[in-house]
Amino acid sequence: MLTIDELTEQQALTELKRIAEEMAKADIAYYQNDDPYLTDAEYDALKRRNEQIEAKFPQLKIANGPSARIGAPIKSEFGKVEHKIPMLSLGDIFSEAEVAEFTTSVNRFLGYDNDNQITYSAEPKIDGLSFSARYERGKFVKGATRGDGKTGEDITENLKVIKDLPLTLSASDVPEVLEVRGEVYMSKADFLELNAKCESEHKKTFANPRNAAAGSLRQLDANITKERKLSLFVYTWGDVSNIPWKSQSEFLQKVRDWGFKTNPYNRICHTTQDLIDYFNFLQQERADLPYDIDGIVYKVDDLALQNRLGFLTRTPRWAIAHKFPAEQAFTKINNIRVQVGRTGALTPVADLEPINVGGVIVSHATLHNEDEIKRKDIRIGDTVIIQRAGDVIPQIVGVVLDKRPADSQEFVFPHVCPMCGAHAIREEDEAVRRCTGGLTCPAQAIERLKHFVSREAFDIEGLGAKIMEEFYNEGIIKTPVDIFTLESRNKRLRDDLFAALDDGSIYLEAREGWGKKSVENLFKAINERRHISLPRFIYALGIRQVGAATSLLIAKHFGSFKAFEQDMLNRDTTKLLEIDGIGESMVQDIVEFFAEEHNRRTISELLQQVQVEDFVDTTDYSSELAGKTVVFTGTLEHLTRAEAKAKALSLGAKVAGSVSKNTDYVVMGADAGSKAAKAKELGVTILSEEEFLNLCKH
Ligand code: IVH
């Protein structure tokens, strides 16, 4: 996998989309079906990579993408509970250096010297499901899950059957309204017992204690919850009528006195080193604990300081989760294969002896390109170290040379496409080798079709990657145009059964797993896309290097497909080159695309089927920010990054990810790091958030 610095904008966008899709799928599996297929480490890795890419390419951030979400939408069957105080989540860190960064930033924010010692409550991060339990006058009245943080599910009846939760609080100093929050979990022993039972009853077993807890808690029938043994710890609070504690540790003491369970490993720490020592200590204890933990939470203990520190968008500034590192494992490379992508890029993939890495079975790893194989000297038969940290796709860290078999063989990268046999060539300055087969290469054709219907292109519901592959292989859809002629072709087939028998194909309604309704829905989805926005259409063409962001730039600049196409057919690149953000090499790819006869034919056939809407630009060019390049850094108080970016863009500014001499303004929020320093060094104007907002008004 490419490092963040290696990513081009196009690759970053593809990656962001892939991550968003993957995370959305994983969220549904995890939150709604209680049946995840990613480990927590994998999920965290995805989240982290997403954050890193977004930080480098803020302009590519996907609205409602992974970074804008906490948790999952709630299941509809449960009643809803609005959280008076939102249930937020915590930022993640993964290294000792980041612990120091955290304590330093706390001190800095509070205006203290860095050697100032702040008291922290360090607590095991319980790997379960967060819950909220509300008491009124000492009586338990309402239980809720976190849901999306604002609205959760009503699990009052389910919480009632968990023995660790007191139903009445008899102490005299319990506030009139008291909402405690914590984690419901299943102990490792209870998990094993439950799975054994499921197995003996030939029922589906749970992947891990967390899912077993989720599946057991979120039962509409609380009797089932009762049968399964669940436990809980309390670690924070929500709505409280009159808060009698002054610190997190006092809170923990109080609720313990009132009869709640708190974690026995919660500790007070004073220095960064204390936190790190405690982390290392618990990492060793971890395996012997009766329940799963996935890291340590550090919280500023003093409530007054917590209040001063406040919150970032979705996470507190006064707390952070230090996650245990992802695991590594050794395994053998059984084979190296080469896959062919949409643009003909040949990507080597290692088939591995399946191995469990941090709870997930890994059987493939990408090798990126031929140079990477050479650089790491990876050979078939080698034993390699696999890692699943920081990246979703498992990485090969390196080869264990001691274990290299005598007959190991260097991998010879093919110079012909393994799918179609056409020459595969490598341009001088490119890392990838490409198949020259174009559309005659089935691998490329399928990948292009998948791209054509993908989310930011035509986004046709019901035509996912898998169906597309099936349809291609069966000759039902060979080109994008075929998608739009499918309905009439299908109708002919259906109406003329003899024709159907003649050429062996059957109409869609008769396919296995398909019915009248699903076919109707498919055609509805296709027909809805007969009107398509200009940026989507350009993106869907799948021109090399032209991602969604570039398509938008082109759409804005040309306004209509006709205008763009006209210039390209005339090989007139003047106007295209005027666009900031589009360079020579991209222009060359665009021109080459239009020079290809089959591409021109596809476009003209497509235009008979779909109507491309002209682009209406809503940008306000009269503002002071118009044409300026803005970089955001640090944490903004009044706006989220996405909002700030959207604001700047709507005023005609460009938003860049890093500071250069072309930057006009750096908008600096709290905890700004190297970008602020760079701005000072280059003499770029630095704006506070207020100053930026003022500029927006002009
Ligand atoms: S404090 C404002 N303390 O980790 C944040 N959370 O993303 C309040 N968790 O949703 C959370 N153990 O489900 C806190 N000792 C602990 C925790 C803990 C587990 C979970 C919780 C939260 C997630 C953080």
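All values reported here derive from a predicted model rather than from experimental measurement.

**Considering the state of the cysteines**
What makes a disulfide is a covalent bond joining the sulfur atoms belonging to two cysteines.
Then, number 1: According to the stated counting rule, one finds zero disulfides in the structure shown.
Then, number 2: With no disulfide of its own, C417 lies 3.6 Å from the sulfur of C435, the closest cysteine sulfur.
Then, number 3: Judged by relative accessible area, which is 2%, C417 ranks as buried.

**Considerations on the nonpolar core**
Then, number 1: Judged by nonpolar contacts, the single largest core of 68 residues is most densely connected at L463, F471, I483, I554, F561, F564 and L576.
Then, number 2: Not counting residues within four places of it along the chain, the set of residues in contact with L576 comprises I554, F558, F564, M568, I582, V587 and I590.
Then, number 3: Counting 36 residues, the second-largest nonpolar core is a separate cluster that includes L159, L169, F191 and V255.

**Overview of the confidence of the model for the chain**
Then, number 1: Taken as a whole, the chain shows an average pLDDT of 88; of its residues, 94% reach a score of 70 or greater.
Then, number 2: Across residues 72-76, where pLDDT falls below 50, the model places 13 contacts with residues more than four positions away in sequence or in other chains.

**Points about the packing of aromatic side chains**
Then, number 1: Under the definition given, this model contains 24 aromatic pairs.
Then, number 2: With a centroid separation of 6.1 Å and an interplanar angle of 75 degrees, the aromatic rings of F561 and F564 are classed as edge-to-face. Residue F561 and its partner F564 are located together in helix α19 (residues 561-569), separated by three residues, close to a single helical turn.
Then, number 3: Through successive ring pairs, a cluster of aromatic residues spans F452, F458, F484, F537, F558, F561, F564, F593 and F594.

**Focus: empty space enclosed by the protein**
One simple way to see leftover space: roll a probe sized like a water molecule over the atoms.
Then, number 1: In total, this model carries two cavities of 30 Å³ or more according to the counting rule given.
Then, number 2: Taken as a whole, the largest cavity spans an internal volume of roughly 40 Å³.
Then, number 3: As for the largest cavity, its lining consists of E123, P124, I126, F233, V234, Y235, N263 and N266.
Then, number 4: Of all the secondary-structure elements, those providing two or more residues to the lining of the largest cavity are β3 (120-126) and β8 (231-240).
Then, number 5: Partitioning the lining of the largest cavity into residue classes produces five nonpolar, two polar and one charged.

**A closer look at helix α14 (residues 480-495)**
Residues that lie three or four places apart on an α-helix share one face, since the helix turns once every 3.6 residues.
Then, number 1: The end-to-end C-alpha distance of α14, which contains 16 residues, comes to 24 Å, matching closely the 22 Å that a straight helix rising 1.5 Å per residue would cover.
Then, number 2: In α14, a bend of some 50 degrees at L486 exceeds every other bend along the element.
Then, number 3: Along α14, the residues that are buried comprise P480, V481, D482, I483, F484, T485, L486, N490 and L493.

**With respect to a negative patch on the surface**
Then, number 1: On the surface, a cluster of negative charge is made up of E427, E428, D429, E592 and E596.
Then, number 2: For E592, the position within the fold is in helix α21 (residues 584-595).
Then, number 3: A residue is classified by how much of its surface remains accessible, and E592, at 43% relative accessible area, is partly exposed.

**With respect to the sheet that holds strand β2 (residues 92-93)**
Then, number 1: Pairing within the open sheet is mixed, and its five strands lie in the order β2-β11-β10-β3-β9. The outermost strands of the open sheet, each flanked by one partner alone, are β2 and β9 (267-269).
Then, number 2: Two elements, β3 and β9, share three bridges in a ladder whose sense is antiparallel. Counted as the bridge partner of Y120 is C269 from β9.
Then, number 3: Lying on the sheet, helix α8 (residues 248-257) is in contact with β3, β9 and β10 (293-300); it crosses β3 at an angle near 60 degrees.

**Considerations on the sheet that holds strand β4 (residues 129-136)**
Then, number 1: In spatial order, the strands read β5-β4-β7-β8; together these four strands make up an open sheet with antiparallel pairing. Each edge of the open sheet carries a strand with a single partner, namely β5 (139-145) and β8. Across this sheet, the average inter-strand angle for adjacent strands is 30 degrees, counted without regard to direction.
Then, number 2: Summarising the sheet, β4 and β5 pair through six bridges and their orientation is antiparallel.

**A look at the pattern of salt bridges**
Then, number 1: For the structure shown, the criterion picks out 44 salt bridges.
Then, number 2: The residue E176 makes a salt bridge to R137 at a minimum N-O spacing of 3.7 Å. Of this pair, E176 sits in the loop between α4 (156-160) and β7 (177-185) while R137 is found in the loop between β4 and β5, placing the two residues 39 residues apart along the sequence.
Then, number 3: You can call E176 partly exposed: its relative accessible area is 47%.
Then, number 4: In this structure, K517 and E520 form a salt bridge, with 3.6 Å as the shortest nitrogen-oxygen distance. Of the two residues, K517 and E520 are both situated in helix α16 (residues 516-528); the distance of three residues between them amounts to about one turn of the helix.
Then, number 5: Within this structure, K84, R134, E136, E179, R181 and D239 form a network of salt bridges that share partners.

So, how was this worked out
- Residues numbered from 1 in each chain as written.
- Predicted model: local features only at pLDDT ≥ 70, side-chain atom pairs only at ≥ 80, totals over all residues.
- Heavy atoms only, no water.
- Disulfide = S-S within 2.5 Å.
- Buried < 20%, exposed > 50% of the residue type's maximum accessible area, 1.4 Å probe, protein only.
- Core = buried A, V, L, I, M, F, W, Y, C linked by side-chain atoms within 4.5 Å.
- Contact = heavy atoms within 4.5 Å.
- pLDDT = per-residue confidence, 0-100.
- Phe/Tyr/Trp six-rings, centres within 6.5 Å; stacked < 30°, edge-to-face > 60°.
- Helix = DSSP H or I, 4+ residues; strand = E, 2+ residues; numbered from the N terminus.
- 1 Å grid on protein atoms, 1.4 Å probe; cavity = no way out; pocket = protein on both sides within 12 Å on 5 of 7 lines; lining within 4 Å.
- Points joined across faces, edges and corners; volume = space filled by probe spheres on them.
- Nonpolar A, V, L, I, M, F, W, Y, C, P; charged D, E, K, R; others polar.
- Expected span 1.5 Å × (residues − 1).
- Bend = angle between axes of the 7 residues up to and from the residue.
- Patch = residues over 30% accessible without salt bridge, like charges linked within 9 Å, V, L, I, M, F, W, Y side chains within 5 Å.
- Areas by Shrake-Rupley, 256 points an atom, 1.4 Å probe, with all protein chains shown as cover.
- Salt bridge = Lys/Arg side-chain N within 4 Å of Asp/Glu carboxyl O.
- Lys, Arg positive; Asp, Glu negative; His and termini not counted.
- Charge placed at Lys NZ, Arg CZ, Asp CG, Glu CD.
- Pairing = 2+ DSSP bridges.
- Axes fitted to C-alpha atoms, helices over the stretch in contact; angles between N-to-C directions.

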